[in-house]
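In case you want the letters, here they are:
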Amino acid sequence: RAVAMSVSHSSRLNKLVREQYMRLPQDGLVQVTYVWIDGSGEGVRCKSRTLDKEPKSIEDVPEWNFDGSSTAQAEGSNSDMFLVPVRMFRDPFCLDPNKLVLCEVLKYNRKPAETNLRHTCKKVMDLVKDSHPWFGMEQEYTLLGINGHPYGWPDNGFPGPQGPYYCGVGADKVYGRDIVESHYKACLYAGVKICGTNAEVMPSQWEFQVGPCEGIEMGDHLWMARFILHRVCEDFGVVATLDPKPMTGNWNGAGCHTNYSTEEMRREGGLKHIEAAIEKLSKRHDYHICVYDPRGGRDNSRRLTGHHETSNIFEFSAGVANRGASIRIPRQVGQDGYGYFEDRRPAANCDPYAVTEAIMRTTVLNETGVETKDYADH
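For every chain, the first residue of the written sequence is number 1, and numbering continues from 1 onward in sequence order. Confidence filtering applies because this is a predicted model: local features only for residues at pLDDT of at least 70, side-chain atom pairs given and counted only at 80 or more, and all residues used for totals across whole chains, interfaces and linings. By convention in this description, side-chain values take in all heavy atoms of the structure and omit both hydrogens and water.

Trainee: Please set out the sheet that holds strand 5 (residues 99-106) residue by residue, giving values where relevant.
Mentor: Between any two strands, at least two bridges found by DSSP are needed for them to pair. Only DSSP runs of H or I with at least four residues qualify as helices, and only runs of E with at least two residues qualify as strands; both kinds are numbered from the N terminus onward. Read across the sheet, 5 strands follow the order 2-1-5-4-3 without closing on themselves; strand pairing throughout is mixed. Of all the strands in the sheet, just strand 2 (44-51) and strand 3 (64-67) have a single pairing partner and so form its edges. Taken over all neighbouring pairs, the strand axes of this sheet differ in orientation by 40° on average, direction set aside. Strand direction decides the pairing type here: strand 1 (residues 30-37) and strand 5, joined by 4 bridges, are parallel. Interaxial angles span 0 to 180 degrees and are taken between N-to-C directions of axes, which are lines fitted to C-alpha atoms, for helices over the stretch in contact.

Trainee: Before we move on, can you summarise the domain arrangement of the protein chain with the specific residues and values?
Mentor: Domain ranges listed in this record stem from an automatic or a database domain assignment. Assigned domains within the protein chain: domain 1 (7-114) and domain 2 (123-362). For domain 1 and domain 2, the distance between their C-alpha centroids amounts to 26 Å. Whether two residues are in contact is decided by their heavy atoms: any pair within 4.5 Å suffices. Each side of the interface is counted separately: domain 1 has 22 residues, and domain 2 has 28 residues. Approximately 2200 Å² of surface area, both sides summed, lies buried where domain 1 meets domain 2, with 67% of it carried by carbon and sulfur atoms. Any Lys or Arg side-chain nitrogen found within 4 Å of a carboxyl oxygen on Asp or Glu counts as a salt bridge. Counting across the interface, domain 1 meets domain 2 through 2 salt bridges. Two residues, E42 and R295, come together in a salt bridge whose shortest N-O distance is 2.8 Å. The term polar contact refers here to a pair of N or O atoms within 3.5 Å; inside protein, the definition further demands a hydrogen-donor-capable atom paired with an acceptor-capable atom, and it admits residues adjacent in sequence only when both atoms are side-chain atoms. Here domain 1 and domain 2 share 7 residue pairs in polar contact (both at pLDDT 80 or more) between them. Buried area adds together the accessible area that both of two parts lose upon being put together, with accessible area traced by a 1.4 Å probe.

Trainee: Let's hear about the packing of aromatic side chains: which residues, and what values?
Mentor: Stacked, edge-to-face and tilted labels apply to pairs of Phe, Tyr and Trp rings (six-membered ring for Trp) whose centres lie within 6.5 Å, assigned for plane angles under 30 degrees, over 60, and everything in between, in that order. Counted by the stated rule, this structure contains 8 aromatic pairs. Between W153 and W251 the ring centres are 4.8 Å apart and the planes differ by 45°, which places this aromatic pair in the tilted class. Remark: W251 occurs in the loop between strand 9 (239-241) and strand 10 (256-261) and W153 occurs in the loop between strand 6 (134-144) and helix 4 (177-190); sequence separation between them is 98 residues. To sort residues, take the accessible area from a 1.4 Å probe on protein chains only and compare it with the maximum for the residue type: under 20% means buried, over 50% means exposed, and anything in between is partly exposed. Among the residues examined, W153 registers a relative accessible area of 4% and is labelled buried. Look at W251 and you get buried, because its relative accessible area is 9%. Taken together through their ring pairs, the aromatic side chains of F135, Y260 and F341 make up a single cluster. To sit over a ring, a charge needs its Lys NZ or Arg CZ within 6 Å of the ring centre and within 35 degrees of the ring normal. Directly above the aromatic system of W64 lies the positively charged group of R49, at a separation of 4.9 Å from the ring centroid. Note that R266 overlies the ring of W134, its terminal NZ or CZ placed 3.7 Å from the centroid.

Below you can see the structure in the form of structure tokens.
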């Protein structure tokens, strides 16, 4: 009864009835679901329309608009916002030939909305494209019941201490694997570059990884993976939170560890380029902390305490195989002398466009200090 009460009412609707309708033919028409980031910088919104034929490329998907006053992105007196399609995926919920389309949001004057961080990220990635930056991001999240309590936890208490849950197996160690595996399959079907998943240290906490992606592709694929996660959770009647510290006390927080390399780091002798990049990052710690969560570091301050496999938010550190450091060089990379490194500071609710842009500004464009350069005129 406790578990039943923790899921949404809509999840208990008869899904077999839905399947009866989903099997109906579409007569050549295509349902396209437009997905965008709302005014919170964390939430995603969507709405659908019918096209008279299947789009073969993103150029075949028309611009659209929405009411920005209902998404904290505009005033009611001037509320129309533009949806500009930027990347297309297959739709794992309505199936082929239907599509999911990620969009940038532009204001009435066609300037980027405040939470459209893709716009400047794309400019930076275009500038640094010759370095061929690869990213892989590890998205941690926590499953909650509809009541806001971690899914599967006792109603009036806590599960046993952390230890048996990470990569665990068994009904007493993992909660919600059906959701995780459904999300994985849905991402594979959609064409999202998901590359793995595992149960995390806190019970009901999970992680999936997206990558390797080059340049702007990283943010596009992670945002769509997040949308698919929320949509899958909706079907199961639970909630996925990206809060960096969903449970206070002796429980792990949630991050979005970012693995990064340039072409020269991946070649033999690349370790010296990795070390040079880390040196640049060490001198710009405050700037990175400010952009690694949506609230200028306030969310991360609850997570980056120096405990629970984190570094201290006020200190920069780096080390081989050190999960308590700001930057971790994998042991294999240290042995091989080339490869990639992991920035462990980004919060689970970070914007991947902001994170990847900041890394490129510091390590390739050699920016310093807390101010960023405007490359609009270049």
